[in-house]
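Chain residues, written in single-letter form:
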Amino acid sequence: MSKLGSHKKPARVRVQTEERAMEMMALCNQKGWQVIVGIEPDKEENIDDIKKLQGGGKSSFAFASAPARNAPCPCGSGKQYKRCCGN
């Protein structure tokens, strides 16, 4: 089975804006991961594959301490922390 982020099994990401797409591409290029980024403004963002590559669902947007459970998630998903990276 191919490793996630490789040529045979690229990470798949869905974002809502071109700026966010460029951000995800830059992160993956920096880490050497292969990624397919789709821009779909009318659908919810999905960066689960990148979270998996980073090890266990933690976002690349590191924070010193965890935010409050009901605060917006620092990964930029627009969800509450408890329903996103806080899981």
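Note that this is a predicted model, so its numbers are computed, not measured.

So, how was this worked out
Once a new chain begins, its residue numbering starts again from 1 and follows that chain's sequence as written. Confidence filtering applies because this is a predicted model: local features only for residues at pLDDT of at least 70, side-chain atom pairs given and counted only at 80 or more, and all residues used for totals across whole chains, interfaces and linings. Hydrogen atoms and water are omitted, and side-chain values are computed over all heavy atoms in the structure. Secondary structure elements are taken from DSSP: a helix is a run of H or I of four residues or more, a strand is a run of E of two residues or more, and numbering for both begins at the N terminus. Only protein chains enter the area calculation, which uses a 1.4 Å probe; residues under 20% of their type maximum are buried, those over 50% are exposed, and those in between are partly exposed. In what follows, a contact means two residues having at least one pair of non-hydrogen atoms within 4.5 Å. Using a 1.4 Å probe, the Shrake-Rupley method yields the accessible areas, and only the shown protein chains count as cover for residues. By disulfide we mean two sulfur atoms from cysteines, separated by a distance within 2.5 Å. In this scheme, strands are said to pair when DSSP sees at least two bridges between them. By convention, a crossover is right-handed whenever its connection, traced from the first strand over the helix to the second and viewed with the strands pointing away, goes clockwise. Under this rule, positive means Lys or Arg and negative means Asp or Glu; His and the chain ends count for nothing. For this document, the term salt bridge refers to a Lys or Arg side-chain nitrogen within 4 Å of an Asp or Glu carboxyl oxygen. Here a polar contact is recorded for every N or O atom pair within 3.5 Å, except that within protein the pair must consist of a potential hydrogen donor and a potential acceptor, and residues adjacent in sequence are included only if both atoms are side-chain atoms.

## Some details on the overall build of the protein
Part 1 of the reasoning: Counting its secondary structure elements, the protein contains two helices and two strands.
Part 2 of the reasoning: When the helices and strands of the protein are read in sequence order from the N terminus, they spell out β-α-β-α.
Part 3 of the reasoning: Within the protein, the proportion of its 87 residues that are buried is 29%.
Part 4 of the reasoning: Looking at the protein alone, contacts between residues at least 24 apart form 49% of all its contacts between residues at least 6 apart.
Part 5 of the reasoning: Surface accessibility of the protein: about 5,900 Å² in total, with carbon and sulfur atoms responsible for 48%.

## Brief notes about the state of the cysteines
Part 1 of the reasoning: In this structure the tally under the stated criterion is zero disulfides.
Part 2 of the reasoning: We note that C73 lacks a disulfide partner, and the nearest cysteine sulfur, in C85, lies 3.6 Å from it.

## Concerning the pairing of strand β2 (residues 35–39)
Part 1 of the reasoning: Taken together, the five bridges between strand β1 (residues 11–15) and β2 define a ladder with parallel strand orientation. Looking at β2, one finds that R14 is bridged to G38.
Part 2 of the reasoning: As a crossover connection, the stretch from β1 through helix α1 (residues 18–31) into β2 is right-handed.

## Considering helix α2 (residues 48–55)
Part 1 of the reasoning: Within α2, the full set of buried residues consists of D49, I50, K51 and L53.
Part 2 of the reasoning: Those residues of α2 hidden inside the fold are in contact with β1 and α1.

## Some words on the side chain of D49
Part 1 of the reasoning: Mapped onto the fold, D49 is located in helix α2.
Part 2 of the reasoning: There is no salt bridge for the buried D49, and the closest opposite charge comes from K52, which lies 4.1 Å off by N-O distance.
Part 3 of the reasoning: A distance of 2.9 Å separates the side chain of D49 from the backbone nitrogen of R12, its partner in a polar contact.
Part 4 of the reasoning: Here D49 is in contact with L4, P10, A11 and R12, once residues within four sequence places are set aside.

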